[in-house]
Amino acid sequence: MGAFFSKQVERRKLVTSQKQALSTRLSASGETFPGSEHRPADRMRWMAELGPSRVRVHQVVWPGTHDSATNKIGIPFVTRPFAQCQSLSVYEQLATGTRLIDVRVQKERRVCHDVLTTYPVDVVLDDVKRFLGETESEVVILEIRTEFGHEDPPEFDKFLVEQLGEHLIPQDEAVFHKTIAQLLPRRVICVWKPRKSPVPKPGERLWNTGLLRGNWIDTDLPETKFESNLKFLGLQPPVADRRFFYRVGNTVTPQADNPVLCVKPVTRRIRGYARLFIAEVFAKGLGDKLQVFSTDFIDGDFVDACAGVTKARVEGTA
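Everything numeric in this text was worked out from a predicted model, so none of it was measured.

Visitor: Sorry, what's going on with the UniProt feature "domain: Phosphatidylinositol-specific phospholipase C X" (unreviewed entry) in the chain here?
Guide: According to UniProt, the feature "domain: Phosphatidylinositol-specific phospholipase C X" (unreviewed entry) maps to residues 63-174 in the numbering used here. Secondary structure content for residues 63-174 is 27% helix and 22% strand, and the end C-alpha separation is 22 Å.

So, in structure tokens, the structure goes:
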């Protein structure tokens, strides 16, 4: 028992020291990067503000959410704090400026996070279609995957095409160099990641798992995750040469061997350093590699940072 408590004390010290290290880095280097002063007049239509005929897909820094459809998961005040990664509905996230949605499903087509389930995936698709109906030039990446440990929903690829058909942008590497205007009226890149079912092929209306990549490390240590994000981003080709989306997750996750298991206080350790991360990306000469940037509990400032870099790229100042 004594060894257990000693280990927990050391873990808490490590977490505290890493939080302090990020705070020190922020004080030393600040949060300035190309486009950092930009604030969209209307976050719901921030892509349209930049000009659909000017913005190419590879130039966009896509603000994304992690475990996007967990706003109502579990039982309030009982199991929800251990699995909830967003407090807003998918529609509210899109209206706030989110442009990549990450959804996990299980066999019955219900959204889930690990063992907990919530509403049917139809709720997510209805939210996406509502948003598309209220905007004209916003493009959304919708990632849907079968959650680890669960079975694929039967014929789910057909279901997605039936639900989103008219909005779907077919899988095609040429998309990365097209402008948003050239994609219209289609506005959804839907990435389907089954566990065992056949994956979508080039030319089909859904995109396969290899076209949305990332290097996720499962840790609750904020500086460890921050440094890992920088390391793996640095190994990627520039966005102009890339034929896949690459995601960086500005998140840390609760660990079973740590007494703090609720998502919000754990992810808060890194959540406020998104702008610092972008600033360091540019300071290290990696500004041409940032593409998808995701977070828990997304807010307008996070969206503004991504939109600002996108604007700077379009204007040739990044």
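Visitor: Help me out: how do you make sense of the packing of helix α4 (residues 121-134) against helix α5 (residues 156-164) in this one?
Guide: Packed helix pairs are specified by the crossing angle of their axes together with the interaxial distance, meaning the distance between the axes. At a closest axis distance of 11 Å, the pairing of α4 and α5 adopts a crossing angle of 30°. It follows that α4 is roughly parallel to α5 by the angle criterion. Crossing angle aside, the handedness with which α4 passes α5 is right-handed. Of the residues in α5, those in contact with Val121, Asp122, Leu125 and Lys129 of α4 are Phe156, Phe159, Leu160, Gln163 and Leu164. Per-class residue counts for the contact of α4 with α5 are 6 nonpolar, 1 polar and 2 charged.

Visitor: Can you walk me through the nonpolar core in this structure?
Guide: Grouped burial of nonpolar side chains is what soluble globular proteins tend to show. Of all hydrophobic cores here, the largest spans 54 residues; its most connected members are Trp62, Phe245, Phe277 and Phe293. In this structure, Trp62 is in contact with Met47, Val57, Arg99, Val139, Ile141, Phe245, Gln291, Val292 and Phe293, ignoring residues within four places of it in sequence. Listed in part, the 28 residues of the second largest apolar core include Val90, Val103, Leu160 and Leu164.

Visitor: Before we go on, may I ask you to explain the packing of aromatic side chains in this structure?
Guide: Pairs of aromatic rings are described using the distance from one ring centre to the other and the angle between the two planes. If you walk through the whole model with that rule in mind, you get 9 aromatic pairs. On the numbers, 4.9 Å between centres and 55° between planes, the contact of Phe156 with Trp192 is tilted. With Phe156 in helix α5 and Trp192 in strand β6 (residues 188-193), this residue pair connects regions lying 36 residues apart in the sequence. What makes Phe156 buried here is its relative accessible area of 1%. On the basis of relative accessible area, Trp192 is assigned to the buried category, the value being 1%. Through successive ring pairs, a cluster of aromatic residues spans Trp62, Phe176, Trp207 and Phe245. Of note, Arg213 hangs over the ring of Phe244, and the distance from its end group to the ring centre comes to 3.8 Å.

Thresholds applied
- Residues numbered from 1 in each chain as written.
- Predicted model: local features only at pLDDT ≥ 70, side-chain atom pairs only at ≥ 80, totals over all residues.
- Heavy atoms only, no water.
- UniProt positions renumbered as here; feature names shortened; annotations may be inferred.
- Helix = DSSP H or I, 4+ residues; strand = E, 2+ residues; numbered from the N terminus.
- Axes fitted to C-alpha atoms, helices over the stretch in contact; angles between N-to-C directions.
- Parallel < 35°, antiparallel > 145°, perpendicular 65-115°, else oblique.
- Left-handed = near helix turned anticlockwise from the far one by under 90°.
- Contact = heavy atoms within 4.5 Å.
- Nonpolar A, V, L, I, M, F, W, Y, C, P; charged D, E, K, R; others polar.
- Core = buried A, V, L, I, M, F, W, Y, C linked by side-chain atoms within 4.5 Å.
- Buried < 20%, exposed > 50% of the residue type's maximum accessible area, 1.4 Å probe, protein only.
- Phe/Tyr/Trp six-rings, centres within 6.5 Å; stacked < 30°, edge-to-face > 60°.
- Lys NZ or Arg CZ within 6 Å of the ring centre and 35° of its normal.

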